[in-house]
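As a plain string of letters, each chain reads:
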Amino acid sequence: MELKVAELLGMRDLALRSWADELFKLLMAQKDSQFVLDFSDIAFMSRSFAHEYLKEKQSFPKSIREKNIAPVVKQMLKLASQPPKKSDAKVVRSTIAKL
């Protein structure tokens, strides 16, 4: 079954982890066991959404394939799939310390 993510969630910008959870709840409610998720209308994906999406996909009992992923979204999925670098943690700590 092919589904457009923007239509399914009703938005073009994917920002919250809870929205990724909602996506997988909607997929689980479907009778199909194979999905092609069309990301063609998605303009933005936060690292939080991407991380939760990848985590949920890994344990999801049904088959999922993506298509029409914008380069910026593809890059975020790649970034979220990698463990954070120590230099990233230093930047976050120094930013928090300035606050």
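For the structure, check the block above.
This write-up is about the structure you can find in this document. Small disclaimer: the values here were computed from a predicted structure and weren't measured. All residue numbers here refer to positions counted from 1 along the written sequence of the relevant chain. Restriction of local features to residues with pLDDT of at least 70 applies here, the model being predicted, together with a cutoff of 80 or more for giving and counting side-chain atom pairs; totals for whole chains, interfaces and linings are based on all residues. The side-chain values count all of the structure's non-hydrogen atoms but skip hydrogen atoms and water molecules.

**Remarks on the environment of Ala-20**
So, point 1. Within the secondary structure layout, Ala-20 lies in helix 2 (residues 17–28).
So, point 2. The cut-offs for exposure are 20% and 50% of the maximum accessible area for each residue type, with area from a 1.4 Å probe on protein chains only; residues under the lower value are buried, those over the upper are exposed, and the others partly exposed. Residue classification places Ala-20 among the buried positions, given a relative accessible area of 0%.
So, point 3. Taking the C-alpha atoms as reference points, Ala-20 and Leu-9, 11 residues apart in sequence, are found 9.2 Å from one another. In DSSP terms, a helix is any run of H or I states spanning at least four residues, a strand is any run of E spanning at least two, and both are numbered starting from the N terminus.

**Brief notes about the packing of helix 3 (residues 47–59) against helix 4 (residues 71–81)**
Two packed helices can be described by the angle between their axes and the distance between those axes.
So, point 1. One can describe the packing of helix 3 onto helix 4 by two numbers: an axis separation of 8 Å at closest approach and a directional angle of 65°. Relative to helix 4, helix 3 is oriented roughly perpendicular. Remark: the crossing between helix 3 and helix 4 carries right-handed chirality. Across the interface between the two elements, Arg-47, Ala-50, His-51, Tyr-53 and Leu-54 from helix 3 touch Met-76, Leu-77, Leu-79, Ala-80 and Ser-81 from helix 4.
So, point 2. Residue type decides the class: Asp, Glu, Lys and Arg count as charged, Ala, Val, Leu, Ile, Met, Phe, Trp, Tyr, Cys and Pro as nonpolar, and the leftover types, Gly among them, as polar. Considered class by class, the residues forming the contact of helix 3 with helix 4 number 7 nonpolar, 2 polar and 1 charged. With axes taken as lines fitted to C-alpha atoms, and helix axes fitted only over the stretch in contact, angles between N-to-C directions fall between 0 and 180 degrees. Between 65 and 115 degrees an angle is taken as roughly perpendicular, under 35 as roughly parallel, over 145 as roughly antiparallel, and anywhere else as oblique. Note: crossing handedness is left-handed where the near helix turns anticlockwise from the far helix by less than a right angle, and right-handed where it turns clockwise. Throughout, a contact is declared for two residues whenever any of their heavy atoms are within 4.5 Å.

**Considering the packing of aromatic side chains**
So, point 1. Note on ring pairs: Phe, Tyr and Trp rings are taken, using the six-membered ring of Trp, and paired if centres are within 6.5 Å. Classes follow the plane angle, with under 30 degrees stacked, over 60 edge-to-face and the rest tilted. The full count for this structure, using the stated rule, is 4 aromatic pairs.
So, point 2. Between the aromatic rings of Phe-24 and Tyr-53, the centroid separation amounts to 5.4 Å while the plane-to-plane angle is 50°, which identifies the pairing as tilted. On the criterion of sequence distance, the pair formed by Phe-24 in helix 2 and Tyr-53 in helix 3 is long-range, its members being 29 residues apart.
So, point 3. With 5.1 Å between their ring centres and 70° between their planes, Phe-24 and Phe-60 make a pair best called edge-to-face. Taken as a pair, Phe-24 in helix 2 and Phe-60 in the loop between helix 3 and strand 5 (63–67) lie far apart in primary sequence, 36 residues in all.
So, point 4. The class of Phe-24 is buried, set by a relative accessible area of 3%.

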